[in-house]
Structure formats: structure tokens, C-alpha cells
Amino acid sequence: MRLGAIADDFTGATDLAGLLARGGARVSLRVGLPDASVLGFQGADVEVVALKIRTLPKDQAQSQSKAALKWLQSQKADRFFWKYCSTFDSTDVGNIGPVSEVLMQTLGAAQTIYCPAYPENGRFVFMGHLFVGQMLLSNSSMKDHPLTPMRDANLLRLLTPQVTGAVGLIDRQIVALGVTAVQTRLAELAQKNVTHVVIDAICTDDLATIATACKDMLLITGGSALAMPWPALNGVWPNQAGLFQPLGRGALILAGSCSEMTRAQVADFAQKGPSLQLDPHDLSQNGVQSAKEWLGAQAFDAPKLIYSSAAPEQVAKAQSQFGAQAAGALVEAALSELAIFARTMGYHRFLVAGGETSGAVITALGISQLDIGPEIAPGVPWTYGAGGLALALKSGNFGEIDFFSKAFGKLPSHVT
Ligand code: ADP
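Let me begin by describing the structure that accompanies this report. (Residues numbered from 1 in each chain as written. Predicted model: local features only at pLDDT ≥ 70, side-chain atom pairs only at ≥ 80, totals over all residues. Heavy atoms only, no water.)

**Overview of the overall build of the protein**
Piece 1. The helix and strand inventory of the protein stands at 15 helices and 18 strands.
Piece 2. Scaling as 2.2 N^0.38, a compact globule of 416 residues should have a C-alpha radius of gyration of about 22 Å, and the protein matches this with 21 Å.
Piece 3. If you take every contact in the protein between residues at least 6 apart in sequence, the share linking residues at least 24 apart comes to 75%.
Piece 4. Surface exposure of the protein reaches about 16,100 Å², of which carbon and sulfur atoms provide 53%.
Piece 5. The protein carries 31 positive and 34 negative side-chain charges, and their two centres are separated by 3 Å. (Helix = DSSP H or I, 4+ residues; strand = E, 2+ residues; numbered from the N terminus. Rg over C-alpha atoms; globule rule 2.2 N^0.38 Å. Contact = heavy atoms within 4.5 Å. Areas by Shrake-Rupley, 256 points an atom, 1.4 Å probe, with all protein chains shown as cover. Lys, Arg positive; Asp, Glu negative; His and termini not counted. Charge placed at Lys NZ, Arg CZ, Asp CG, Glu CD.)

Right, dumping it as C-alpha cells:
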């Protein structure tokens with residue numbers, strides 16, 4: 001079996017790759033759509049293609065994911081995984097449902113499943129409702145997300161306007177009965193032309209049941225945790241090789257996530273190390289020159305933080321001035337420019353907080369392939385790029401409060 005995965009953002013892709021690597025798979029991660037001439041699966045069991053399509057117009061998200069699927073098929077992948085955020089980040093228009101449908105159509109898949117549960121990171125699906133910790137998604141800080149505010153927790157209600165096919169549920173009572181019960185229910189739903197099936201999962205064992213029941217499905221969709229059982233289910237041997245490459249120096253944290261956990265991590269780090277806040281209004285007037293000067297004045301090896309992360313009131317203020325998309329684009333462009341500047345200064349170790357933010361920064365740095373290194377926290381591995389680069393891409397709400405100060409200590413100590 002060869003698994004081809006498509007992720008809707010870059011932090012999601014490293015999260016997925018990290019969990020598959022933890023399960024023993026050899027994972028190759030492509031940043032952006034690979035050229036038709038690029039060869040996949042060179043010694044790897046899984047290819048993950050990281051796209052940045054979460055908030056793109058639906059048509060573009062569909063065409064990019066279809067192109068990624070075609071590349072994976074051309075490289076002889078025979079099972080496929082569509083990975084989105086464990087908080088189901090999407091709008092009424094998409095892009096979770098529309099991408100599923102285009103992938104299903106291209107593959108000739110009659111049915112697929114949806115399971116964003118990620119128990120290790122506090123995401124649970126019960127009776128079709130998504131919980132963040134003990135809270136419904138719609139009560140969590142995701143209700144204030146700058147680009148995809150999640151104001152409903154019912155996955156069936158969220159998915160229905162995004163797809164043309166019928167949506168159904170396999171609830172925990174069935175999942176608890178085991179693999180055969182799930183398979184039987186899937187077949188019953190298929191008989192009723194239910195093509196999109198949300199499945200409950202409240203613990204890692206549930207995910208193993210679901211992954212086993214759906215092992216032969218051409219396409220499954222979900223958060224990264226649903227892919228974790230794949231290596232064991234497919235007899236992949238644990239990867240003992242342990243990738244080593246000499247890393248370059250210089251440590252920089254760039255945070256554009258406004259999620260609650262990132263803001264707590266920013267506040268924690270700001271008490272321990274040098275930090276600089278960017279303000280969208282100031283950026284629109286004066287650009288990043290003063291931030292470059294600030295960075296140039298910092299000690300090179302010690303981690304330092306540049307962030308735009310702000311509380312919902314401040315985000316709302318910037319959004320009312322520029323519009324939500326434009327405010328995000330302004331900040332993403334500034335952080336990208338700073339990443340390029342740091343790179344030219346010789347920086348090699350980057351930690352980026354925020355899904356969209358990571359996508360912008362990695363694209364700006366022109367990185368096309370990453371290998372997977374040690375995990376910093378569940379869902380956030382270090383990754384290695386060409387030329388001694390180390391990158392950690394953190395989804396907004398992931399990691400503990402001291403994540404920023406701890407992360408660099410997880411890198412191998414060898415320095416070129
Ligand atoms: P997360 O992983 O928490 O969802 P993202 O990076 O995906 O984080 O999304 C955060 C979005 O908010 C980005 O588009 C970012 O540019 C934007 N943003 C960051 N800081 C601000 C700010 N101060 N005002 C408005 N938008 C902001």
C-alpha cells in the first residue's frame with residue numbers, strides 16, 4: 001500500500017507527517033504541488049502534499065487538490081487521505097466538502113468519511129458534534145478565528161451546505177461495537193446514497209476502529225490523528241533510521257496565529273526572551289524596516305520572537321480598517337518578508353505559529369520538500385529542509401504554554 005495525502009495547510013501537513021512518522025512510516029513531505037517530473041515515494045511509504053487551500057476560493061481549492069491527487073496517482077499511490085484541521089476550519093462554501101467531492105469524483109469513490117477527532121490534542125467528536133476539550137467547538141476560541149470563525153459545532157450541519165451529496169452519521173454507539181458494526185453501518189448508509197459520513201470518535205481506540213473499518217476505502221478524510229493507525233494496519237516497519245543532517249545556526253520565532261494558545265505562548269515567551277509585536281496599522285504605513293533593525297540588533301543563536309498575534313478586539317479593529325482577508329494578507333506578507341530577511345542574515349532555525357502564517361512563510365522561503373524530525377509536541381514535529389534548515393510549523397492552538405522556549409531544545413545539538 002502507498003498512501004498519498006493532501007493537506008489543506010502547511011502546519012496540518014507537518015502534523016500529519018509527524019504522526020505517521022511516529023507510527024513508523026517513512027514520510028516525504030512536498031511543499032506545494034510537485035512538478036510532474038518530480039519522482040515520489042523514493043524510499044518513502046507516504047507522500048504528503050502540503051497545499052495552502054483552506055481559505056482559497058472553492059474552484060481554486062478544487063483544482064489544486066485535483067492536481068495534487070493526479071500527481072500522487074502518477075506516483076502509484078493507491079489509498080488517499082484528505083487532511084484538514086481538527087477544528088474543521090471551513091465556511092459554508094468550503095473547502096472541506098468541495099475538495100472531498102472533487103477527489104471522490106476523480107477517484108470514482110462512492111463514499112467517504114469525516115473524522116476530525118484528535119484526542120491527544122483535546123478534539124473529540126460525539127453525536128456528530130465537535131468538542132475542543134470539554135467545550136463545543138462553537139464555544140471555543142475558534143468562534144473568533146480571523147478567517148474561519150467556527151460558530152456551529154454540529155459537523156453534519158457544517159458539512160451539508162458544502163457538498164452536493166447526502167450527509168449521514170455513524171455515532172459512538174456504533175463505533176463502540178467495533179469494526180464490523182462500522183462497516184455494516186457504512187454499507188447501510190451507502191444503500192441510502194449517503195456519500196458523506198461523519199464518524200464519532202472520543203479516544204484513540206475509536207480512531208483505530210474507524211481506520212481499520214475503512215482500510216479499503218479509496219479516500220478517507222479527517223484530522224491527522226485518523227491517519228495514525230495507517231502504518232500498523234499496512235505492516236510498515238518502524239522507521240529507526242533517525243534522520244541526521246547538520247543544522248545551521250540562528251533561531252527565530254514568527255507568530256501570526258491569534259488563537260488562544262498561541263497568544264498564551266507569546267505572553268509566556270515575552271517574559272523569557274526578546275520579542276517584538278507587529279501592528280497591522282503600523283505595517284500598512286511603515287512596512288517592516290524597524291522590525292528588520294530590531295532583528296539585526298538581537299543575539300543570533302538565542303530564540304527571539306516577532307509576532308502579530310493579538311486579542312479578538314484588536315483583530316476586529318484591524319479587520320474593520322482593512323477587511324479580514326486584507327488584514328491577514330498584510331500581516332502574512334510582513335512575516336514572510338522578515339523570514340526572507342532573516343534567511344539572508346544566515347538564520348536556519350525557524351518556528352512559525354499559525355497555519356496560514358506558516359504557509360505564507362514557507363512559500364516565501366521557497367522550500368519544496370521537508371523531512372520529518374523529532375516531535376516537539378503532539379502534532380508539531382521539527383522538519384528539515386535543504387541547506388541545514390530546521391522548521392517547526394505550529395498550528396495555532398497546539399502545544400503547551402512553554403512551547404516556544406522548549407522547542408529549540410528538541411533539535412539535535414550538532415551545529416555546523
Ligand atoms: P491559526 O493556526 O491560529 O488559525 P493562522 O495563521 O492560520 O493561525 O491564521 C491567523 C490569521 O490572522 C492570518 O491570516 C494572520 O495573518 C491574521 N492575523 C495575524 N495577526 C493579525 C492581526 N493583528 N490583525 C488581523 N489579522 C491578523
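**With respect to the sheet that holds strand β7 (residues 129-132)**
Piece 1. Taken in spatial order, the three strands line up as β6-β7-β8 in an open sheet, and their pairing is antiparallel. Among the strands making up the open sheet, the edge pair consists of β6 (123-126) and β8 (135-136).
Piece 2. Where β7 and β8 come together, two bridges link them in antiparallel fashion. Each residue of the ladder has a partner; that of F131, found in β8, is L136. (Pairing = 2+ DSSP bridges.)

**Some points on the pairing of strand β12 (residues 251-255)**
Piece 1. Most of β12 sits out of view: five of its five residues are buried.
Piece 2. Pairing between β12 and strand β15 (residues 349-353): five bridges, direction parallel. Considered in β15, the bridge of L254 is made with V352.
Piece 3. Strand direction decides the pairing type here: β12 and strand β14 (residues 304-307), joined by four bridges, are parallel. For I253, the partnering residue across the bridge sits in β14 and is L305. (Buried < 20%, exposed > 50% of the residue type's maximum accessible area, 1.4 Å probe, protein only.)

**What about helix α9 (residues 260-270)?**
Piece 1. The set of residues buried in α9 consists of T262, Q265, V266, D268 and F269. Considered in projection along α9, the buried side chains sweep an arc of 165° and stay on one side of the axis.
Piece 2. Tucked into the core, α9 has its buried residues touching β12, β14, β15, β18 (389-394) and α15 (403-407). (Arc of directions from axis to C-beta.)

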